[in-house]
Amino acid sequence: MSVYLHCLSHTPLIGHVDPAPAVLAEVDASIAAARERIARFDPELVILFSPDHYNGFFYDIMPSFCIGMAARAIGDFGSAAGELPVPRALAEDCARSVLAQGIDAAVSYRMQVDHGFAQPLEFLMGGIDRVPVIPVFINSVAVPLPGFQRARLLGEAIGRFARSLDKRVLLIGSGGLSHQPPVPELATANEHLADRLKGSGRDLPVEEREARTQRVIAAARAFVDDQHSLYPLNPDWDRQFMATLAEGRLAELDGLGNEELSALAGKSANEVKTWVAAFAALSAYGPYGADHGYYRAIPEWIAGFGSISAAPLR
Ligand SMILES: O=C(O)CCc1cccc(O)c1O
Ligand SMILES: [Fe+2]
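For the structure given in this document, a descriptive report is provided here. (Residues numbered from 1 in each chain as written. Chains lettered and ligands numbered in written order. Predicted model: local features only at pLDDT ≥ 70, side-chain atom pairs only at ≥ 80, totals over all residues. Heavy atoms only, no water.)

### With respect to the sheet that holds strand 5 (residues 81-84)
Phase 1: Across the sheet, which stays open at both edges, the 3 strands sit in the order 5-4-7 with mixed pairing between neighbours. Only two strands of the sheet have a single neighbouring strand rather than two, namely strand 5 and strand 7 (111-113). Going from strand to strand, the sheet's axes swing by 20 degrees on average, the running direction of each strand aside.
Phase 2: Sheet topology places strand 4 (residues 71-74) next to strand 7; 3 bridges connect them, and they run parallel. Paired with Ala71 across the strands is Met111, a residue of strand 7. (Pairing = 2+ DSSP bridges. Helix = DSSP H or I, 4+ residues; strand = E, 2+ residues; numbered from the N terminus. Axes fitted to C-alpha atoms, helices over the stretch in contact; angles between N-to-C directions.)

As structure tokens, then:
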């Protein structure tokens, strides 16, 4: 019954458009240290909260929350591809427990995930296949989105389930902080794109995949030159958010609406609900303390880039 938490921004631009070597070294050091702490903790189970970017979840049926009973990573932007080692019976127990606690999460027996899930497993665990993982999707891009309170309650329910296991559990939140990369939107999509967002061609044709990758890379390059070419990052909000979680004041976020958050920190800042869910899960074990916080706004990655660990107070 022991638990450790790490929350980390993700960005598929790492290795494609990189910041100055000193910044890269700083991030590398922070991630390497987190990986060492996690290795020492030696998790037997990972519960990973992440969004998706129209690579596995589409508008044909868009759940707010979905727990994976089996999952495969597509390997977008050069991230790891392949099957995630999902312990099916345990994932089923998790879903049953969450539903019994009044949170109506969907389940998937063929979940398809992207860099949002793969990157933290690669960075923090050394690969997507190292430790059994229960993937938990939180819709953070396809409006209408679930709000902060629901993400918190989902996290608490999963935390109570995790606490009932006789296992060392690592909780990971993946995404955020402030940012607004060029993710397509149904409201402004032409007919072809709208079809794609509804899941036609779930697995994009190679040329479309490549065009999409290059479009994000070009947007990152433009953002470095002109920080008004995309919705601006908001380091002040990001630091405040990290402090709110570190200090255990999760419920204070309940009153912050999704559109309000988008206006403060960009539409993709809604990905921070993965951090809220992870911290809420940790809170089910009792009071906690956070440590090793790192933050820097990194326009090359279109990311307010944050990283933080936490564990129960003893
Ligand atoms: O997949 C895509 O199309 C965009 C993804 C993307 C870009 C920049 C920062 C992110 O955090 C992110 O997820
Ligand atoms: Fe993302």
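So that's the structure; there's more coming.
### Concerning the site of ligand 1
Phase 1: Neighbouring residues of ligand 1: 13 residues in total, closest His10, His53, His115, His179 and Arg212.
Phase 2: Here His10 contributes a backbone N or O atom positioned 3.0 Å from an oxygen atom of ligand 1.
Phase 3: Protein chains shield 100% of the accessible area of ligand 1, which is 350 Å² for the free molecule.
Phase 4: Within the shell around ligand 1, the residues separate by chemical class into 7 nonpolar, 5 polar and 1 charged. (Near = heavy atom within 4 Å. Polar contact = N/O pair within 3.5 Å; in protein donor to acceptor, adjacent residues only side chain to side chain. Areas by Shrake-Rupley, 256 points an atom, 1.4 Å probe, with all protein chains shown as cover. Nonpolar A, V, L, I, M, F, W, Y, C, P; charged D, E, K, R; others polar.)

### Re the coordination of the iron ion (ligand 2)
Phase 1: On the protein side, the iron ion (ligand 2) has His10 (NE2), His53 (NE2) and Glu271 (OE) as donor atoms, found 2.0 to 2.1 Å from it.
Phase 2: Ordering the donors of the iron ion (ligand 2) by residue number gives the pattern H-x42-H-x217-E. Placement of His53 in the loop between strand 2 (45-50) and strand 3 (65-68) and of Glu271 in the loop between helix 8 (258-265) and helix 9 (273-283) is noted, with a sequence separation of 218 residues between them. (Donors = N, O, S within 2.8 Å, 3.2 Å for Na, K, Ca; no water.)

### With respect to the sheet that holds strand 9 (residues 168-174)
Phase 1: Sheet architecture is open: 8 strands sit in the order 6-3-8-2-9-1-11-10, paired in mixed fashion. What marks the edges here is a single partner per strand, and that holds for strand 6 (106-108) and strand 10 (288-298). Pairs of neighbouring strands in the sheet enclose a mean axial angle of 15 degrees, with direction left out of account.
Phase 2: Bridging between strand 10 and strand 11 (residues 303-312) involves 9 bridges; their strand directions are antiparallel. Looking at strand 11, one finds that Tyr288 is bridged to Pro312.
Phase 3: Docked against the sheet, helix 3 (residues 115-125) engages strand 1 (2-8), strand 2, strand 8 (133-138) and strand 9, running at close to 140 degrees with respect to strand 2. (Contact = heavy atoms within 4.5 Å.)

### Details of the pattern of salt bridges
Phase 1: All told, the structure shown has 13 salt bridges when counted by the stated rule.
Phase 2: Asp42 is the partner of Arg168 in a salt bridge, and the nearest nitrogen-oxygen pair spans 3.3 Å. Note that Arg168 is positioned in strand 9 and Asp42 in the loop between helix 1 (21-41) and strand 2, a separation of 126 residues in sequence.
Phase 3: Overall, Arg168 belongs to the partly exposed group, its relative accessible area being 29%.
Phase 4: Accessibility expressed as a relative area gives 43% for Asp42, which makes it partly exposed.
Phase 5: Ionic pairing is found between Glu185 and Lys267, a salt bridge with its closest N-O pair at 3.0 Å. Separated by 82 residues along the polypeptide, Glu185 in the loop between strand 9 and helix 5 (191-197) and Lys267 in the loop between helix 8 and helix 9 bring together distant segments of the chain.
Phase 6: Residues joined by salt bridges that share partners form a network here, namely Asp42, Glu44 and Arg168. (Salt bridge = Lys/Arg side-chain N within 4 Å of Asp/Glu carboxyl O. Buried < 20%, exposed > 50% of the residue type's maximum accessible area, 1.4 Å probe, protein only.)

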